[in-house]
Amino acid sequence: MYADRINSLPPYLFATIDRARQDAIKKGVDVINLSIGDPDMPTPSHIVEAMRKSLGNPARHRYPSYEGMLSFRDAAAKWYKKTMNIDLDPENEVLTLIGSKEGIAHIPLAFLNPGDVSLVPNPGYPVYNIGSILADGKPFKMPLLEENDFLPDLDAIPSDVAKKAKIMFLNYPNNPTSATATAKFFEEVVDFANEYEVLVIHDNAYSEMTYDGYKAPSFLNTSGAKEVGIEMHSLSKTYNMTGWRLGFAVGNRDILAGLGKVKTNVDSGAFEAVQEAGIAALSGPQDCVHEMNRVYKERRDALITGLNELGLDVKPPRATFYVWARVKGKSLDFTKMLLEKAGIVATPGVGFGEYGEGYIRFALTQSVERINEVVKRMHKLEIE
Ligand SMILES: *Cc1c(COP(=O)(O)O)cnc(C)c1O
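Conventions we followed
Residues numbered from 1 in each chain as written. Predicted model: local features only at pLDDT ≥ 70, side-chain atom pairs only at ≥ 80, totals over all residues. Heavy atoms only, no water. Helix = DSSP H or I, 4+ residues; strand = E, 2+ residues; numbered from the N terminus. Buried < 20%, exposed > 50% of the residue type's maximum accessible area, 1.4 Å probe, protein only. Contact = heavy atoms within 4.5 Å. Lys, Arg positive; Asp, Glu negative; His and termini not counted. Charge placed at Lys NZ, Arg CZ, Asp CG, Glu CD. Salt bridge = Lys/Arg side-chain N within 4 Å of Asp/Glu carboxyl O. Near = heavy atom within 4 Å. Polar contact = N/O pair within 3.5 Å; in protein donor to acceptor, adjacent residues only side chain to side chain. Areas by Shrake-Rupley, 256 points an atom, 1.4 Å probe, with all protein chains shown as cover. Nonpolar A, V, L, I, M, F, W, Y, C, P; charged D, E, K, R; others polar. Core = buried A, V, L, I, M, F, W, Y, C linked by side-chain atoms within 4.5 Å. Domains from an automatic or database assignment. Buried area = accessible area lost by both parts, 1.4 Å probe. Pairing = 2+ DSSP bridges. Right-handed = clockwise from strand over helix to strand, strands pointing away. Axes fitted to C-alpha atoms, helices over the stretch in contact; angles between N-to-C directions. Phe/Tyr/Trp six-rings, centres within 6.5 Å; stacked < 30°, edge-to-face > 60°.

A. Geometry of the overall build of the protein. If you tally the helices and strands in the protein, you get 15 helices and 12 strands. When burial is assessed residue by residue, the protein has 56% of its 384 residues classed as buried. For the protein, contacts bridging at least 24 residues in sequence account for 76% of all contacts bridging at least 6. Computed over 43 positive and 50 negative side-chain charges, the separation of the two mean positions in the protein equals 5 Å.

Here you go:
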């Protein structure tokens, strides 16, 4: 019944984990869920208010423009100038997305012919791989190894693969490893992209979720980057807006035009009332972002301290709300044990690809009290 491209999708491990979690809840277990990358705090009220106001305006009820409201793209361009010091033309260098996942899933359709290679980080956000498969492309895994600070080794990509590659996905600050990229690495990426004529899609969903004074760079800060790439941004994590579905892509206008062409034919853009809420988020006060980072940092420190006391060697991440911890044995066995014996849900690293095996991911989306409870329960397990 299903097309080959559907049958060839990898099994969705997260659905299996979620079923196990629900079974445990049914049995009356007090489950603590640290498995989802979905902020637990509400959308800041000035953003909600902007949407409420916009809803009353009938002009917002109609089909939105395909590329997004110019006022939203203008707010995104100004936000990029303010946060990244990058100049963008809101008319041609900014495209509104219905969440960045939408843009990531659609971009292979614009650039891959059947059999063309897309370079995808592994472990990684699953949509890079799946979007490539849905476009009949051939994803090639770039291992993110701890010994390389979870950056792909571009020299390890065989040249025949590189020659067939049309796009490369990157994501720093990184989900799931929480690694960050150096300016030097981004320079190497631009060189690689020029040598092999590869388009670079940098997913910067966590650029604002940083700690200890760290400032995450934009890929577009790299010299030559705008000639070869685009950057995706999401309002989901930065402004607790996962449910609203709003993001944007910026950078190379020809790449954006290709993505825009797919979108024009597939969707009809983001609800304009949501875009007006997005304008409030991007151009309004940013204290909410700092406050959320303060909260995540407190949670991070509680979990890291606890895990270190347990003998797990994990360092505090300086970005994202993930803690990527190496464990003994298979990651799926470890997470099953955590759920069965302690009612803790974490994500097995293998769910992000085979190079995630041997790690588990905790998301800092529970209160400090619950995180302390996680540590307490893990102490009783005698994990070494
Ligand atoms: C959460 C996440 C996204 C999806 O963001 P949306 O804008 O909600 O679609 C994209 N990339 C990464 C790495 C993420 O973790």
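B. Examining the pattern of salt bridges more closely. A full pass over the atoms with the stated rule returns 26 salt bridges. Here Arg73 ties to Glu67 by a salt bridge, and the two come within 3.8 Å at their closest N and O atoms. On the accessibility criterion, Glu67 (35% relative accessible area) is partly exposed. A salt bridge links Glu188 to Lys184, with the nearest nitrogen and oxygen atoms 3.0 Å apart. Here Lys184 and Glu188 lie together in helix H8 (residues 183–196), a separation of four residues that amounts to about one turn. Residue classification places Lys184 among the exposed residues on the basis of a relative accessible area of 57%.

C. Geometry of the site of the ligand. Taken together, 13 residues form the shell around the ligand, and within it Asp203, Tyr206, Ser234, Ser236 and Lys237 come nearest. Lys237 has a polar side-chain atom sitting 3.1 Å from an oxygen atom of the ligand. One nitrogen or oxygen atom from the side chain of Arg245 is found 2.8 Å from an oxygen atom belonging to the ligand. If the ligand stood free it would expose 380 Å²; the protein chains cover 94% of that surface. Of the residues belonging to the shell around the ligand, the class tally is three nonpolar, six polar and four charged.

D. Geometry of the nonpolar core. Formed by 96 residues in total, the largest nonpolar core has its most connected members in Tyr239, Phe248 and Phe362. Considering every element that reaches this core, the biggest residue donor is helix H13 (residues 287–309), with eight residues. The two domains that each donate at least three residues to this core are domain 1 (4–43 + 287–380) and domain 2 (45–283). Once you skip the residues sitting within four places of it in the chain, Phe362 turns out to touch Leu34, Leu303, Leu307, Phe321, Tyr322, Val323, Ala325, Leu338, Ile344, Ala346 and Met378. In terms of nonpolar packing, the next biggest core, distinct from the first, is built from 19 residues, Val120, Val127, Phe169 and Ile230 among them.

E. Focus on the environment of Glu91. Relative to the helices and strands, Glu91 resides in the loop between helix H4 (70–84) and strand E2 (94–97). Ignoring anything within four residues of it in the chain, the contact list for Glu91 reads Leu70 and Arg73.

F. Summary view of the domain arrangement of the protein. Taken domain by domain, the protein comprises domain 1 (4–43 + 287–380) and domain 2 (45–283). A C-alpha centroid distance of 25 Å is found between domain 1 and domain 2. Counting from both sides, the interface comprises 34 residues of domain 1 and, opposite them, 40 residues of domain 2. Summed over the three residues of domain 1 that lose the most area to domain 2, namely Thr43, Arg318 and Tyr355, the buried surface amounts to 23% of that side. Counting every contact that joins domain 1 to domain 2 gives five salt bridges. Salt-bridge contacts for Arg300 lead to Asp212; the nearest nitrogen and oxygen are separated by 2.9 Å.

G. Representation of the environment of Ala363 in the model. Note on placement: Ala363 falls in strand E12 (residues 359–363). Note on Ala363: relative accessible area 1%, which makes it buried. Taking the C-alpha atoms as reference, Ala363 lies 24 Å from Lys27; in sequence the two are 336 residues apart. Among all residues touching Ala363, those that are not within four sequence positions of it are Leu34, Ser35, Ile36, Gly37, Phe321 and Tyr322.

H. Structural view of the pairing of strand E3 (residues 117–122). Of all six residues making up E3, six are buried, and the element is well covered by its neighbours. Alternating residues of E3 divide into Val117, Leu119 and Pro121 and Ser118, Val120 and Asn122, and every residue in both groups is buried. Relative to strand E4 (residues 138–143), E3 is paired through six bridges, and the arrangement is parallel. Paired with Asn122 across the two strands is Pro143, which belongs to E4. A crossover connection joins E3 to the parallel E4 through helix H6 (residues 127–134); in handedness this β-α-β unit is right-handed.

I. Region of interest: the sheet that holds strand E11 (residues 347–348). Taking strand neighbours across the sheet as the criterion, the three strands line up as E9-E12-E11 in an open arrangement whose pairing is antiparallel. What marks the edges here is a single partner per strand, and that holds for strand E9 (322–326) and E11. Its contacts with the sheet put helix H14 (residues 331–342) on E11 and E12, and the angle it makes with E12 is roughly 45°.

J. The packing of aromatic side chains, seen in detail. Tallied over the entire structure, the rule returns 18 aromatic pairs. When the centroid spacing of 6.0 Å and the interplanar angle of 75° are considered together, the rings of Phe72 and Phe248 count as edge-to-face. With Phe72 in helix H4 and Phe248 in strand E8 (residues 247–251), the pair connects residues that are 176 residues apart, well separated along the chain. Comparing Phe72 with Phe248, the two get one shared label, buried. Pairing Trp324 with Tyr359 gives two aromatic rings, centres 5.0 Å apart and planes at 5°, and the pair type is stacked. You can see Trp324 sitting in strand E9 and its partner Tyr359 sitting in strand E12, a full 35 residues away along the chain. In this structure, Trp324 and Tyr359 share a single accessibility class: buried. Following the ring pairs from residue to residue traces out a cluster consisting of Phe14, Phe150, Trp324, Phe352 and Tyr359.

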